[in-house]
Amino acid sequence: MCDRSDTSQSSRQLIPRCPLGGRRGFLCLTTRSDVSNQRYRAELEAVLDGLEQQGACQKILAQEVERWERAVSEEESTQGTGYISGVVYVYRKCPVPPLEED
């Protein structure tokens, strides 16, 4: 499992380090949807879109979750709920076709 515990870590650094499993593995990523995380989320989605366009993976799900993580302060809380909203991404790794020999 890959975790972005360091807020300075960019998605471009994170994704290549995440193992996608065997030839047909799944990748599940989650991140906050709060205002302080919008830049990271946009970068993450751009990297995931690029991987999908390259044929490396296929998006299965991108689901917003209202109560994704417990807030540690009232300022973090989404609409005073005591939670931070987030998003869950699930991708399926696409098998890489074997190289053709000349």
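A. Inspection of the state of the cysteines at higher detail. Applying the stated criterion across every chain, the model contains zero disulfides. No disulfide involves Cys57; its sulfur sits 6.4 Å from that of Cys94, the nearest cysteine. On the basis of relative accessibility, which here comes to 6%, the residue Cys57 falls in the buried class.

B. Region of the structure containing the pairing of strand E3 (residues 83-93). For E3, the buried fraction is high: eight of the 11 residues fall into the buried class. As defined by bridge partners, strand E1 (residues 26-32) adjoins E3 across seven bridges and the pair is classed as antiparallel. Residue pairing across strands places Leu27 opposite Tyr91, the latter belonging to E3. Of the pairings in the sheet, the one linking strand E2 (residues 57-70) to E3 comprises 10 bridges and is antiparallel in character.

C. Molecular detail of the sheet that holds E3. The strand order across the open sheet formed by three strands is E1-E3-E2, and the pairing between neighbours is antiparallel. At either margin of the open sheet sits one strand with a lone partner, and together these are E1 and E2. Within this sheet the neighbouring strands show an average axis-to-axis angle of 20°, counted without direction. Sheet strands in contact with helix H2 (residues 38-53) are E1, E2 and E3, and its direction is about 15° off that of E3.

D. Inspection of the packing of aromatic side chains at higher detail. In this structure the tally under the stated criterion is zero aromatic pairs. The cationic tip of Arg70 hangs over the ring face of Tyr83; the distance from NZ or CZ to the ring centre is 5.2 Å.

E. Quick peek at H2. For H2, with 16 residues, the first-to-last C-alpha span of 22 Å sits near the 22 Å given by 1.5 Å per residue. Of the residues trailing H2, Gly55 is marked for its positive phi of about 85°.

F. Expanded view of a nonpolar patch on the surface. Together, Phe26, Ile60 and Leu61 line one region of the surface with nonpolar side chains, adding up to about 270 Å² of accessible area. Among the secondary structure elements, Ile60 is positioned in strand E2.

Calculation rules
- Residues numbered from 1 in each chain as written.
- Predicted model: local features only at pLDDT ≥ 70, side-chain atom pairs only at ≥ 80, totals over all residues.
- Heavy atoms only, no water.
- Disulfide = S-S within 2.5 Å.
- Buried < 20%, exposed > 50% of the residue type's maximum accessible area, 1.4 Å probe, protein only.
- Helix = DSSP H or I, 4+ residues; strand = E, 2+ residues; numbered from the N terminus.
- Pairing = 2+ DSSP bridges.
- Axes fitted to C-alpha atoms, helices over the stretch in contact; angles between N-to-C directions.
- Contact = heavy atoms within 4.5 Å.
- Phe/Tyr/Trp six-rings, centres within 6.5 Å; stacked < 30°, edge-to-face > 60°.
- Lys NZ or Arg CZ within 6 Å of the ring centre and 35° of its normal.
- Expected span 1.5 Å × (residues − 1).
- Patch = residues over 30% accessible without salt bridge, like charges linked within 9 Å, V, L, I, M, F, W, Y side chains within 5 Å.
- Areas by Shrake-Rupley, 256 points an atom, 1.4 Å probe, with all protein chains shown as cover.
- Salt bridge = Lys/Arg side-chain N within 4 Å of Asp/Glu carboxyl O.

Limitation: the analysis is restricted to geometry and does not speak to function.
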